[in-house]
Amino acid sequence: MSLDLAPDTPATANNPATATTPSPAGDARAPLTPNALRTVVRELAERPEQWIHHVRLSTEERWYRRLAADEDHEVWLISWLPGQSTGFHDHGGSRGAFTVALGELEELSLGGPEQGLLIRRIPSGTARAFGPDYVHDVRNTASGPAVTLHAYSPPLSSMAHYELRAGGLVRTSEEGPDQW
């Protein structure tokens, strides 16, 4: 996957949707909670004028763009055409949240020995939040495109990918920021 950083939207203090806000030297911020991240994505979804002009659709793969980043969290915009998915993945120890701003998605996760594979429909307006050990697969099984907003704290440093096998999830690869 490649990150599309369009030249028409530089990160500046005048553009809060893309601004990077450094903290004072030595100020190590604690990660935001999943509920705080859910609030971030819900509030941004309610202000489409800050992100809708960035949306691109790609038949090759999901399209994504980082909208904001600072020391304690980052925000991403992702568009999905029918059939596109993430595959099972984690978030490298980051907490996270996402909301479906347009369209509808499906989320798969493992619910434990008693529950097995959980499948959730996530319609427009729904937000999901999760802790640092969460593994899931998000996919567009609908007939139209979807757009999501994601927030992670601390900012993503890696993502591991997994295959679902009879015995559970098996880690297959890991990627870092240089790959997105």
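Conventions used here
- Residues numbered from 1 in each chain as written.
- Predicted model: local features only at pLDDT ≥ 70, side-chain atom pairs only at ≥ 80, totals over all residues.
- Heavy atoms only, no water.
- Core = buried A, V, L, I, M, F, W, Y, C linked by side-chain atoms within 4.5 Å.
- Buried < 20%, exposed > 50% of the residue type's maximum accessible area, 1.4 Å probe, protein only.
- Helix = DSSP H or I, 4+ residues; strand = E, 2+ residues; numbered from the N terminus.
- Pairing = 2+ DSSP bridges.
- Axes fitted to C-alpha atoms, helices over the stretch in contact; angles between N-to-C directions.
- Salt bridge = Lys/Arg side-chain N within 4 Å of Asp/Glu carboxyl O.
- Contact = heavy atoms within 4.5 Å.
- Phe/Tyr/Trp six-rings, centres within 6.5 Å; stacked < 30°, edge-to-face > 60°.

A. Layout of the nonpolar core. In this structure, Trp76, Trp80, Leu105, Leu156 and Trp180 are the most contacted members of the largest nonpolar core, which totals 16 residues. Where this core is concerned, the elements lending two or more residues are strand E3 (74-80), strand E5 (95-102) and strand E10 (146-153). Ranked by residue count, the leading element in this core is E3, at three residues. Listed in part, the 15 residues of the second largest apolar core include Trp51, Trp63, Leu77 and Ala97.

B. The sheet that holds strand E11 (residues 159-165), seen in detail. Overall, antiparallel pairing links the three strands, which are arranged E4-E11-E12 in an open sheet. The sheet terminates laterally at strand E4 (88-89) and strand E12 (168-175), the two strands that pair on one side only. Inspection of the sheet shows E4 paired to E11 by two bridges, in the antiparallel sense. Bridge assignment links Phe88 to a residue of E11, and that residue is Tyr162.

C. Summary view of the sheet that holds strand E7 (residues 117-123). The strand order across the open sheet formed by three strands is E7-E6-E9, and the pairing between neighbours is antiparallel. The open sheet is flanked by E7 and strand E9 (137-139), the only strands paired with a single partner. Mean inter-strand twist for the sheet, computed between neighbouring axes without regard to direction, equals 20°. Here strand E6 (residues 104-110) pairs with E7 via seven bridges, running antiparallel. When the sheet's bridge partners are listed, Leu110 is paired in E7 with Leu117.

D. The environment of Ala69, seen in detail. Among the secondary structure elements, Ala69 is positioned in strand E2 (residues 63-70). On the basis of relative accessibility, which here comes to 17%, the residue Ala69 falls in the buried class. Considering only alpha carbons, one finds Ala69 and Tyr152, 83 residues apart in sequence, at a separation of 9.5 Å.

E. Layout of the pattern of salt bridges. Taken as a whole, this structure holds eight salt bridges when the rule is applied. The shortest N-O distance in the salt bridge between Glu106 and Arg121 comes to 3.3 Å. With Glu106 in strand E6 and Arg121 in strand E7, this residue pair connects regions lying 15 residues apart in the sequence. Within the structure, one salt-bridge network assembled from shared partners comprises Glu104, Glu106 and Arg121.

F. Structural detail: the side chain of Ser79. Considering the arrangement of structural elements, one finds Ser79 in strand E3. Using a relative accessible area of 2% as the deciding quantity, one classes Ser79 as buried. In this structure Ser79 touches Val55, Arg56, Leu57, Arg62, Trp63, Gln84, Ala146 and Val147, once residues within four positions along its chain are discounted.

G. Region of interest: the pairing of E5. Judged by how many residues are buried, E5 sits mostly within the fold: six of eight residues are covered. Pairing analysis gives seven bridges linking E5 to E10, with the strands arranged antiparallel. Along E10, the bridge assignment pairs Leu102 with Val147. Here E5 runs beside strand E8 (residues 127-130); their pairing, made up of four bridges, is antiparallel. Bridging from a neighbouring strand, Ala97 pairs with Ala129 of E8.

H. Representation of the packing of aromatic side chains in the model. Throughout the structure, instances matching the rule amount to two aromatic pairs. On the numbers, 5.8 Å between centres and 55° between planes, the contact of Tyr64 with Trp76 is tilted. Of this pair, Tyr64 sits in strand E2 while Trp76 sits in strand E3; the two residues are twelve residues apart in sequence, bridging distant segments of the chain. The class for Tyr64 is buried, based on a relative accessible area of 4%. Residue classification places Trp76 among the buried residues on the basis of a relative accessible area of 4%. When the centroid spacing of 5.1 Å and the interplanar angle of 20° are considered together, the rings of Phe130 and Tyr134 count as stacked. Note on accessibility: Phe130 and Tyr134 belong to one class, buried.

Scope: geometric values only; no functional claims are made or implied.
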